[in-house]
Amino acid sequence: MAFSSRLSHSSLFLVLLVAAIAPGCGSDASGGAGSGEGGAGGGTRNEPFIPEAYGEWLKFEPEGAVCANGSQYKYFVNFSETSDNVVVFLEGGGACSNYEDCSNGRAFNTACISEGPDAECIRDDYPAVYLHLDALEPFSALTEPLGVIDGDVPVELAYPPLSGNAEINPMGNWNRVFVPYCTGDTYLGSRIETYVDPDGIGPDVEFHHMGHQNMLLVIEELNRMFQEVPKMMVGGCSAGGVGSLNNYPFIRNGIEGVDRGYLLADSGPIVPRLLPNGEPSNQIGLTAVRPIWGVDTLIQSLPMGADRVTADFGEVNAVVSELFPNDRLAISMFERDYNFTVAVYGGAFPIFSEPETSVDTGAGRTEIYRLASEDLEALRLRLDDLDNLAYYM
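The rules behind each value
Residues numbered from 1 in each chain as written. Predicted model: local features only at pLDDT ≥ 70, side-chain atom pairs only at ≥ 80, totals over all residues. Heavy atoms only, no water. Pairing = 2+ DSSP bridges. Helix = DSSP H or I, 4+ residues; strand = E, 2+ residues; numbered from the N terminus. Axes fitted to C-alpha atoms, helices over the stretch in contact; angles between N-to-C directions. Contact = heavy atoms within 4.5 Å. Buried < 20%, exposed > 50% of the residue type's maximum accessible area, 1.4 Å probe, protein only. Phe/Tyr/Trp six-rings, centres within 6.5 Å; stacked < 30°, edge-to-face > 60°.

Side note on the sheet that holds strand E10 (residues 258–266)
For step 1, the next point in the chain: If you trace the eight strands from one edge of the open sheet to the other, you get E1-E2-E6-E3-E9-E10-E11-E12, paired in mixed fashion. Each end of this open sheet is capped by a strand with a single partner; those strands are strand E1 (57–60) and strand E12 (389–392). The mean inter-strand angle of the sheet, taken between neighbouring strand axes irrespective of direction, is 20 degrees.
For step 2, the next point in the chain: Pairing of strand E3 (residues 86–90) with strand E6 (residues 175–179), which is carried by five bridges, proceeds in the parallel orientation. For phenylalanine 89, the partnering residue across the bridge sits in E6 and is phenylalanine 178.
For step 3, the next point in the chain: Contacts from helix H6 (residues 239–254) reach E3, strand E9 (229–237), E10 and strand E11 (328–332) within the one sheet, and its direction differs from that of E10 by about 160 degrees.

Next up, the structure:
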């Protein structure tokens, strides 16, 4: 199985430049109506949904959905006039489960945690100015025709599945749903955790790990927006890869009008509990965060297989496959990824706390690759048993 895309020379230049400068998935290293303003929050599924505009990003604010600091959560939809198909893409961006990382807002869109509950975590213009890259400003003559003005990179270029350009994205004329990430829990959480400074210096931090609960509220609104969906693609990378896989049953069943579903979970693999030799797998970090984030709420809500996933989180791959045997599902991962792997293994093993073998050293990098290689081999063997879940690693 292979993935390819067709790019113009100018688009290719921009994508490569963005990839070289900005953190991305699996690599090394607006203004519309909200739910309370005539958006998707009111009405019933039987009432046809008419968007305020087509071909531009509209903001929606589900009641009760919150970011890390408890402020209002937002997501964005770009509606199509020519297609009933839908792509739902979950943003990536790290995670946190301890005082140092969570209090410093190291996961995407959680820096607001230090600014109080009224601080905005997701900007209203987030799709239009997803990234600002100073290095692109000298190339304005080349980048402005592509939508990059004064170094402001729109989300369509950061995440090609959200692009409206058919040369980049075969889903370019679909309805496109951008699901931002601001809960530090890879979209698995249903819990508010209070983090206490182990040194007794900093203030306690109340952190809303409510990613899964937010997804359920988003799904309710999408179900009202899109009542007949011939094809739906769900995807995400890194934290969004974890989130798209684990939330796929809820998205797939929650949007009732979907005829055929597709999944591409990139750079966020969930591996089996045991390696082929019978030893425990190395992805112990995800097991450790389950009680902190309240992940078992998601697991116990699965339509089937909750006991299997509780005993072995890696069984979520098989459960999703079995739930939707007619859907086409896929997982992708770079074997030499150094974003997701560092996040998963770096804080879980004492060896990476030593200066000589930290993740910034060659020895540390070699060990990260070894741990990941063992885990991915176990995952491949399990996926080989699943007819409708392919992989590219």
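Now, onward.
Description of the pairing of strand E8 (residues 205–209)
For step 1, the next point in the chain: The element E8 is extensively covered by neighbouring structure, given that four of its five residues are classed as buried.
For step 2, the next point in the chain: Strand direction decides the pairing type here: strand E7 (residues 191–195) and E8, joined by five bridges, are antiparallel. By the bridge assignment, glutamate 193 is partnered in E8 with phenylalanine 207.

Quick notes on the packing of aromatic side chains
For step 1, the next point in the chain: A complete count under the given rule lists 16 aromatic pairs for this structure.
For step 2, the next point in the chain: Aromatic side chains phenylalanine 60 and phenylalanine 79 sit 6.2 Å apart centroid to centroid with 75 degrees between the ring planes, which places their arrangement in the edge-to-face category. Of the two residues, phenylalanine 60 sits in strand E1 while phenylalanine 79 sits in the loop between strand E2 (75–78) and E3, which places them 19 residues apart along the sequence. Each member of the pair, phenylalanine 60 together with phenylalanine 79, is buried.
For step 3, the next point in the chain: Taking the centre distance of 6.0 Å and the plane angle of 75 degrees together, the rings of tyrosine 130 and phenylalanine 178 count as edge-to-face. Within this pair, whereas tyrosine 130 is found in the loop between helix H2 (99–103) and strand E4 (131–132), its partner phenylalanine 178 is found in strand E6, the two being separated by 48 residues in sequence.

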